[in-house]
Amino acid sequence: MTDFAALLQADRGQPARTIDVIDARGFDAWFSAQPARARAAAAAQKLKPTGYASALLPGDDAEDWSVVTVVADVNKLSSWCLAKLAETLPEGSYRLASGSPGPAALGWLLAQYKFDRYRTDDKAAGPRVLLTDTPASIGSIVREADAVALVRDLINTPAADMGPPQIEAEATRIAKIFDAKLTVTRGHDLQIHYPLIHTVGMAASRDFAPRLIELEWGDPANPRLAIIGKGVCFDSGGLDIKPSSGMRFMKKDMGGAAHALALAHLIMATRLPVRLHMLIPAVENAIAGNAFRPGDVLTSRKGLTVEVTNTDAEGRLVLADALAKAGEANPVLIVDFATLTGAARVALGPDLPAMFANDDDVAAAVLAAGVACDDPLWRMPLHAGYEEMLTSDIADLNNSPDSGLAGAVTAALFLQRFVPGNTPWLHLDTFAWQPTSKAGRPKGGEALGLRAVWAMVQLRFS
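This is a predicted model, so every value here is computed, not measured.

Draft legend 1. Spatial organisation of the overall build of the protein. Of regular secondary structure, the protein possesses 15 helices and 20 strands. Relative to the compact-globule value of 23 Å for 462 residues, the protein shows a C-alpha radius of gyration of 24 Å, a close match. Summarising its shape, the C-alpha atoms of the protein cover approximately 80 × 45 × 45 Å along the three principal directions. Scored against the burial criterion, the 462 residues of the protein give a buried share of 55%. Counted over contacts in the protein with a minimum sequence separation of 6, partners at least 24 positions apart contribute 76%. Of the roughly 19100 Å² of accessible surface on the protein, 51% is carried by carbon and sulfur atoms. Between the averaged position of the 44 positive side-chain charges in the protein and that of its 52 negative side-chain charges there is a distance of 3 Å.

As structure tokens, this is what we get:
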């Protein structure tokens, strides 16, 4: 993993290039105030008053140069406004000509993230170090960058190297760091106590056998916080098999688990005063002679029976057993992350996780946190009128309505049936993937909703 701590350093007056940060309102005044050689260099590089535009400006000698960059608002730097510079500037140290980088420091770090596990010819650029005059903020910024990088690394890893055993190994690593209790249920015990998780994963090879991974940490006297992540390490669709185009990136179907692991790490690293309960149902939805079938009726941990109308709607099945288990311990809040529905992507695109909540205060808090930290969410309705779509002729409910309408909503309504009615619950249907590269956000696995939830739980519990 990238050593982000080396890329953000306290400013103690050490040698560094300066970065002038301007916006469209101040562009003309800044340009007029520059010496002729700087104006000529800016014009030659076609510097315009648009976001991410930048130029290198000459000084008194060849080695004495500085940088100018254009942002949306110099009084409110965003997380990503310096990210393109961090991707393109020469190796070296930099400081802002005035002011603190604030949230832009995070984008500076994440722009230098690389996933090079499988590359043999990688020629990575040298580090670009940012100096900050607020050294007290370095620790929290680096922790967030590490958490995002962990999500990216786990999702980017192909399914052959990121199955249920590898998810368990990562949970074990984190548990050891913070002296947390780790419990893994598999085999016969899984079949008896978590039948939906067992059924979804039972067609996988023995090496990729299904399991429920649980981590508990913190003073039992503190408020209990449950974090759940969908850990479908690869989703073929089961017997309702996906087309090849739909299967291409299904290594990312464990993105919810990656978010849960990263959030658990943040909570424990900062010693948030909670009793943390992290649950990851880890499975592969494979195809074999013993795969579960359309038309099967399954009995959940909660006792509700579910008619399988689509084996490719397996994520909500494994989450149902995990939600039921989490609810038994009476948490004050349950949060689940899941790459759950294509319908959420159709409605909101790749950047906006669909957020569902049964508590208006929790919903408002996480929406506000997402805006504040440039990790936006969009609230979707738990519309009770659509519950009838989950009706089954032979069971308590079905797992995927035949209509194909309101897919993200009906998936959330299905999950809600397994949440205790008096427990605040937050469900994020997240894409966990960046389909095209943006400044600071390369194509591939991405943390979407992680920082919003982290900001919200810090405010709620600290």
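So, next bit.
Draft legend 2. Here's a closer look at the state of the cysteines. Scanning all chains against the criterion turns up zero disulfides. Lacking any disulfide linkage, C81 is separated from the closest cysteine sulfur, that of C373, by 15 Å. The exposure class assigned to C81 is buried, which follows from its relative accessible area of 8%.

Draft legend 3. Structural view of the environment of R186. Position of R186 among the secondary structure elements: in strand β7 (residues 181–186). Between the alpha carbons of R186 and P381 there is a distance of 35 Å; along the sequence they are 195 residues apart. The residues contacting R186, other than those within four sequence positions of it, are E168, P210 and R211.

Draft legend 4. Here's a closer look at the nonpolar core. W108, L426 and V453 are the most contacted members of the largest nonpolar core, which totals 94 residues. Sorting elements by how many residues they give to this core places helix α5 (residues 138–156) first, with 11 residues. Apart from the residues lying within four places of it in its own chain, the contact partners of V453 are L263, V335, F337, V366, L426 and L428. Counting 44 residues, the second-largest nonpolar core is a separate cluster that includes L304, L397, V409 and A412.

Draft legend 5. Summary view of the packing of aromatic side chains. By the definition in use, this model includes eight aromatic pairs. Relative to F31, the ring of F27 has its centre 6.2 Å away and its plane inclined at 15°; by these criteria the two rings are stacked. Of the two residues, F27 and F31 are both situated in helix α1 (residues 24–33); the distance of four residues between them amounts to about one turn of the helix. Overall, F27 belongs to the buried group, its relative accessible area being 9%. You can call F31 partly exposed: its relative accessible area is 26%. A cation sits over an aromatic face here: R441 above W80, 4.3 Å from the ring centre.

Draft legend 6. Local environment of α5. Taking 1.5 Å of rise per residue, the 19 residues of α5 would be expected to cover 27 Å, and the 27 Å separating its terminal C-alpha atoms lies within 8% of that figure. Counted residue by residue, α5 has 14 buried out of 19 residues, so it is predominantly covered.

Draft legend 7. Inspection of the packing of helix α13 (residues 360–372) against helix α15 (residues 450–461) at higher detail. Between α13 and α15, the shortest axis-to-axis distance is 8 Å and the interhelical angle comes to 120°. Judged on the interaxial angle alone, α15 and α13 are oblique. In the crossing of α13 with α15, the sense of the turn from one axis to the other is right-handed. Judged by residue contacts, V362, A365, V366, A369 and G370 of α13 engage A452, V453, A455, M456 and R460 from α15. For the contact of α13 with α15, a count of residues per class yields eight nonpolar, one polar and one charged.

Draft legend 8. Summary view of the environment of A411. With respect to the element layout, A411 can be found in helix α14 (residues 407–416). On the accessibility criterion, A411 (0% relative accessible area) is buried. When the C-alpha positions of A411 and D153 are compared, they lie 27 Å apart, and in sequence the two are 258 residues distant. Beyond its immediate sequence surroundings of up to four residues, A411 is in contact with R316, L340 and T341.

Draft legend 9. A look at the sheet that holds strand β13 (residues 305–307). An order of β12-β13-β17 is seen for the three strands of this open sheet, with the pairing classed as mixed. The strands lining the two open edges of the sheet, one partner per strand, are β12 (297–299) and β17 (397–398). Where β13 and β17 come together, two bridges link them in parallel fashion. The residue bridging E307 from the neighbouring strand is N398, located in β17.

Draft legend 10. Up close: the environment of P101. Looking at where P101 falls in the secondary structure, it is placed in the loop between β5 (92–96) and α4 (104–110). A relative accessible area of 3% places P101 in the buried class. In the structure, P101 is positioned 20 residues away from C81 in sequence and 9.7 Å away in space, judged by C-alpha atoms. Apart from residues no more than four positions distant in its own chain, P101 is found in contact with L77, L96, L130, L131 and T132.

Cut-offs and rules
Residues numbered from 1 in each chain as written. Predicted model: local features only at pLDDT ≥ 70, side-chain atom pairs only at ≥ 80, totals over all residues. Heavy atoms only, no water. Helix = DSSP H or I, 4+ residues; strand = E, 2+ residues; numbered from the N terminus. Rg over C-alpha atoms; globule rule 2.2 N^0.38 Å. Buried < 20%, exposed > 50% of the residue type's maximum accessible area, 1.4 Å probe, protein only. Contact = heavy atoms within 4.5 Å. Areas by Shrake-Rupley, 256 points an atom, 1.4 Å probe, with all protein chains shown as cover. Lys, Arg positive; Asp, Glu negative; His and termini not counted. Charge placed at Lys NZ, Arg CZ, Asp CG, Glu CD. Disulfide = S-S within 2.5 Å. Core = buried A, V, L, I, M, F, W, Y, C linked by side-chain atoms within 4.5 Å. Phe/Tyr/Trp six-rings, centres within 6.5 Å; stacked < 30°, edge-to-face > 60°. Lys NZ or Arg CZ within 6 Å of the ring centre and 35° of its normal. Expected span 1.5 Å × (residues − 1). Axes fitted to C-alpha atoms, helices over the stretch in contact; angles between N-to-C directions. Parallel < 35°, antiparallel > 145°, perpendicular 65-115°, else oblique. Left-handed = near helix turned anticlockwise from the far one by under 90°. Nonpolar A, V, L, I, M, F, W, Y, C, P; charged D, E, K, R; others polar. Pairing = 2+ DSSP bridges.

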